[in-house]
Amino acid sequence: QLSTAGLWIGGREAASASGAFLSVEDPARRREIARVSAASAEDIGKAVASGHEAYRSGVWSRADVRLRADVLQRISQGLRERLEELAELESRQTGRAIREMKAQLGRLPEWFEYFGALVRTAEGRTTPFLGPYLNYVQRVPLGVVAQITPWNHPLLIAVKKLAPALAAGNSVVLKPSELAPLSVLELAKICKEAGLPDGVLSVVPGHGHETGAALCAHPLVRKVDLTGGTPTGKAVGAIAGANLAGMVSELGGKAPMLVFEDADLDQAVNGAAFASFVASGQTCIMGARLLVHEAVYEEVVQRFVRKAESIRLGDPMDMATQMGPVISEAQRSRVLEAVSVAKSEGAEILCGGASPALDKLPTEVSEGYFVLPTVIAAKPGMRCVQEEVFGPFVVVYPFKDEQDAVKLANDSDFGLAAAIWTKDIMRGHRVAQELDVGIIWINDHHRNDPSSPWGGTKDSGIGRENGIEAFHEYTQSRSVVVRTSDEKFDWFHDPNARYS
């Protein structure tokens, strides 16, 4: 049944001023499942004004931190009560396997709990200010902040951004992807039911070139937090910078997975498959490059190919399905074009590289946007090694020694994440210090926690999500200097008066 949804502005649902709407598709069945109002520049103006008014009123920005913490706790509880429903909604709009969504969404309430606890226990500081002065420093909110979230993890990434922003006392205008806005709109309703004041959160689905551009360019927006592609991040940074607004961005990636000769090969292969093919490879931290020591290269690649070929594709709503489709026809074409480019460069397709045969899928999803798990033997410098594909597409190639592994791993414009597989813990730490990335796992991948900083280097973005770093991203320092001496002061009378 086709559902409809409006924008969320000022604590209530609203139709778009233009009357335009977005069509949300189930990528497994290629069927429209919802129509959602598409925010225009006029709608963005209303949303930002509503947030600014709420911020200026102090109803949230100057509320007692205990109240903010309590509301965040109730949001966590409301989210937990609706996890089953939200997991199904997330699977239908993204095509991701329901098994994945239940596992992923199960932890989301922790973000609101963590940041509620953090703001409730946050303390200011004093400085060693010279002279008879007390200088105390506070963390205060920024104002209205813009958040732009992608389609691959609609609810997870919205929660990761929203929890610290709200904890800090900001008003938020959140633009979810036009491809998968439904769960984020439901989150807004949960926030209202939990007691979040009207105007503090608006959700404005729409296309990036119109809705996103208008939001980032609004002069009252004090910070933009974006998860998306690197070209988009650079464009958004330029727009926000024109208003001297700050920016946090988690952008593209091409994560290396380094498998050393002493690694537990069963664990490494299973871990690499998890890194590469969960979410149909549509994550910025996906294991895109499998680098294996030459002494075990053939064995690891053979095992990895067998693992990839064993992954069950099917109806995302079936708990037995291990991998669903990619999000759209455009995304499937992008992955298959990358396969063609790899072939033209002389790379060898070891498995996959195509859509599955129709008779290999359940009838009800046989027309979906599926791509087989793809493993390609490549060489450093090839486009397939350097460019982000964002799909179930992994390149494999060998390294000679530790120094060579580090060199090859760092040979990328991206620096979001990496994994190191070794039983030698000293080597693990040593190699981690040499990798130019923001997130490193040793003998694991994909692991995330609200307390653990998340972000990249180079073309993978700036700033950090999660942890106290995220709280600081959404606050600014205010320095108050108090004169504690009653000694008389007259600069224009006393030639020895202190200036600073």
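Quick summary incoming for the structure in this document. (Residues numbered from 1 in each chain as written. Predicted model: local features only at pLDDT ≥ 70, side-chain atom pairs only at ≥ 80, totals over all residues. Heavy atoms only, no water.)

A short note on the overall build of the protein
So, point 1. Scanning the protein for helices and strands turns up 16 helices and 23 strands.
So, point 2. Over its C-alpha atoms the protein spans a radius of gyration of 25 Å, differing by no more than 12% from the 23 Å that the globule rule assigns to 500 residues.
So, point 3. Dimensions of the protein, computed from C-alpha atoms along their principal axes, come out at roughly 85 × 55 × 40 Å.
So, point 4. The contacts of the protein with a sequence gap of at least 6 include a subset with a gap of at least 24, amounting to 74%.
So, point 5. Counting every atom, the protein has about 21100 Å² of accessible surface; 50% of that belongs to carbon and sulfur.
So, point 6. Here the protein contributes 53 positive and 62 negative side-chain charges, whose respective centroids are spaced 3 Å apart. (Helix = DSSP H or I, 4+ residues; strand = E, 2+ residues; numbered from the N terminus. Rg over C-alpha atoms; globule rule 2.2 N^0.38 Å. Contact = heavy atoms within 4.5 Å. Areas by Shrake-Rupley, 256 points an atom, 1.4 Å probe, with all protein chains shown as cover. Lys, Arg positive; Asp, Glu negative; His and termini not counted. Charge placed at Lys NZ, Arg CZ, Asp CG, Glu CD.)

Brief notes about the packing of aromatic side chains
So, point 1. Taken as a whole and judged by the stated rule, the model has 7 aromatic pairs.
So, point 2. Ring geometry for tyrosine 114 versus phenylalanine 115: centroids 4.9 Å apart, planes at 90 degrees, classification edge-to-face.
So, point 3. A centroid spacing of 5.4 Å and a plane angle of 55 degrees characterise the contact between tryptophan 491 and tyrosine 499, whose relative ring orientation is tilted.
So, point 4. Owing to a relative accessible area of 38%, tryptophan 491 belongs among the partly exposed residues under this scheme.
So, point 5. The exposed category is assigned to tyrosine 499, whose relative accessible area is 70%. (Phe/Tyr/Trp six-rings, centres within 6.5 Å; stacked < 30°, edge-to-face > 60°. Buried < 20%, exposed > 50% of the residue type's maximum accessible area, 1.4 Å probe, protein only.)

Topic: the side chain of serine 276
So, point 1. Here serine 276 is to be found in helix α10 (residues 265–277).
So, point 2. Beyond its immediate chain neighbours, meaning those up to four positions away, serine 276 contacts Met257, Gly281, Met286, Gly287, Phe304, Pro392 and Val394.

Side note on a negative patch on the surface
So, point 1. A surface patch of negative charge is lined by Asp486, Glu487, Asp490 and Asp494.
So, point 2. As for its placement among the helices and strands, aspartate 486 is situated in the segment after β23 (475–483).
So, point 3. Assessed through its relative accessible area of 71%, aspartate 486 is described here as exposed. (Patch = residues over 30% accessible without salt bridge, like charges linked within 9 Å, V, L, I, M, F, W, Y side chains within 5 Å. Salt bridge = Lys/Arg side-chain N within 4 Å of Asp/Glu carboxyl O.)

Things to note about the sheet that holds strand β7 (residues 133–141)
So, point 1. One open sheet accounts for 3 strands, arranged β6-β7-β23; its pairing is antiparallel. If you trace the sheet from one side to the other, it starts and ends with β6 (125–126) and β23, each paired once.
So, point 2. When β6 meets β7, the two strands line up antiparallel, connected through 2 bridges. Its bridge partner lying in β7, threonine 126 is registered against tyrosine 136. (Pairing = 2+ DSSP bridges.)

Notes on the nonpolar core
So, point 1. Grouped together as the largest cluster of nonpolar side chains are 54 residues, with contacts concentrated most on Ile75, Leu79, Phe112, Leu166 and Leu201.
So, point 2. Among the elements that take part in this core, helix α6 (residues 154–167) stands out by supplying 9 residues, more than any other.
So, point 3. With near-sequence residues (within four places) excluded, isoleucine 75 lies in contact with Phe112, Leu166, Ile190, Cys191 and Ala194.
So, point 4. Grouped together as the second largest cluster of nonpolar side chains are 35 residues, Leu290, Tyr297, Val301 and Val365 included. (Core = buried A, V, L, I, M, F, W, Y, C linked by side-chain atoms within 4.5 Å.)

Some points on helix α15 (residues 425–434)
So, point 1. Taken as a whole, α15 has its buried residues at Arg427, Gly428, Val431 and Ala432. Along α15, the residues classed as buried sweep out an arc of 135 degrees about the axis, all on the same side. What points out from α15, more than 90 degrees from its buried face, is the exposed set Met426 and Gln433.
So, point 2. In this structure, the buried side of α15 is in contact with β13 (255–259), α14 (402–410), β19 (417–421) and β20 (439–442).
So, point 3. Structurally, the start of α15 carries an N-cap: the backbone nitrogen of methionine 426 is 3.1 Å from a side-chain oxygen of aspartate 424. (Arc of directions from axis to C-beta. Polar contact = N/O pair within 3.5 Å; in protein donor to acceptor, adjacent residues only side chain to side chain.)

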